[in-house]
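What the coordinates show
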Amino acid sequence: LQHTRKTISSRLLNSVLNLKKRINEVFDAVKGAQEAIEAVQRDDDAMALMYLTSMDRDPQGYYARLKSKTWSTEQAELLLDSYALELCAMGTQLDLVDKEIEATESLLKFKLDTARNTLIKVDVTFGIVSMWLAACSLIAGYYGMNFQNGHMLDTD
């Protein structure tokens, strides 16, 4: 983004907008993963189903404990909490990158507006100069037609 801030063009602005769009997509995916983790943590049956190794080793005992609801899910909860914290940190970082992209986008728009205003000033200046030249040509042409000079005399 630092290089982008130094050079301006509409192509760079479009690339910044595409980057912002991708970051928002990733941010939405992170939010979705956070919500999914929270939903699993609220559901005791889903938390019990996290212990797949236990289910593979002793399926009968696993199903018996699952039906009697005598399952301790602390380890899975701790693991999901750590994932939730990682996703929260990732969301915060993405939010910071999004804010930096917005600042870069504003700077690029400001620079492009400044360049456009400079072009408009040059265009207006050329218009004024051409208007004055046209007015001077009109005055010179009007007075030039009324003077007698040697080229206009017919000596045949």
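Cut-off values and rules
Residues numbered from 1 in each chain as written. Predicted model: local features only at pLDDT ≥ 70, side-chain atom pairs only at ≥ 80, totals over all residues. Heavy atoms only, no water. Helix = DSSP H or I, 4+ residues; strand = E, 2+ residues; numbered from the N terminus. Buried < 20%, exposed > 50% of the residue type's maximum accessible area, 1.4 Å probe, protein only. Contact = heavy atoms within 4.5 Å. Areas by Shrake-Rupley, 256 points an atom, 1.4 Å probe, with all protein chains shown as cover. Salt bridge = Lys/Arg side-chain N within 4 Å of Asp/Glu carboxyl O. Patch = residues over 30% accessible without salt bridge, like charges linked within 9 Å, V, L, I, M, F, W, Y side chains within 5 Å. Lys, Arg positive; Asp, Glu negative; His and termini not counted. Charge placed at Lys NZ, Arg CZ, Asp CG, Glu CD. Polar contact = N/O pair within 3.5 Å; in protein donor to acceptor, adjacent residues only side chain to side chain. pLDDT = per-residue confidence, 0-100.

A tally of helices and strands in the protein yields six helices and zero strands. Put simply, the protein runs from its N terminus to its C terminus through helices and strands in the order α-α-α-α-α-α. Here the protein holds 156 residues, and the buried ones make up 17% of them. Considering only residue pairs separated by 6 or more positions, the protein has 73% of its internal contacts joining residues 24 or more positions apart. For the protein, the exposed surface amounts to about 12,200 Å²; the carbon and sulfur share of it is 61%.

This brings us to the pattern of salt bridges. Tallied over the full model, the rule gives four salt bridges. Of the charged contacts, one joins Lys20 and Glu105 as a salt bridge, the two residues approaching to 3.5 Å between their closest N and O atoms. In this pair, Lys20 sits in helix α2 (residues 10-42) while Glu105 sits in helix α6 (residues 74-146), placing the two residues 85 residues apart along the sequence. For the salt bridge of Lys109 with Glu105, the shortest nitrogen-to-oxygen distance reads 3.5 Å. Residue Lys109 and its partner Glu105 are both found in helix α6; the two are separated by four residues, about one turn of the helix. Taking relative accessible area as the criterion, Lys109 reaches 40% and is therefore assigned partly exposed. Through salt bridges with shared partners, a single ionic network connects Lys20, Glu102, Glu105 and Lys109.

Together, Asp43, Asp44, Glu74, Glu77 and Asp81 make up a negatively charged patch on the protein surface. No other element matches the three residues that α6 contributes to the negative patch. Looking at the element boundaries, Asp44 is found in helix α3 (residues 44-48).

What follows concerns the environment of Phe27. When you line up the elements, Phe27 lands in helix α2. Those residues within four positions of Phe27 in sequence are excluded, and the remaining contacts are Gly91, Leu94 and Asp95.

What follows concerns a nonpolar patch on the surface. A surface patch of nonpolar side chains, amounting to about 520 Å² of accessible area, comprises Ile120, Val124, Ile128, Met131 and Trp132. For Met131, the position within the fold is in helix α6.

With relative accessibility at 10%, the residue Glu105 sits in the buried group. Engagement of the side chain of Glu105 in a polar contact is seen with the side chain of Lys20, the distance being 3.5 Å. Ignoring anything within four residues of it in the chain, the contact list for Glu105 reads Leu13, Val16, Leu17 and Lys20.

Let us look at the confidence of the model for the protein. Per-residue confidence for the protein gives a mean pLDDT of 82, with 83% of residues at or over 70. Taken element by element, the predicted model of the protein shows its lowest mean pLDDT in helix α1 (residues 2-6) (53) and its highest in α6 (89).

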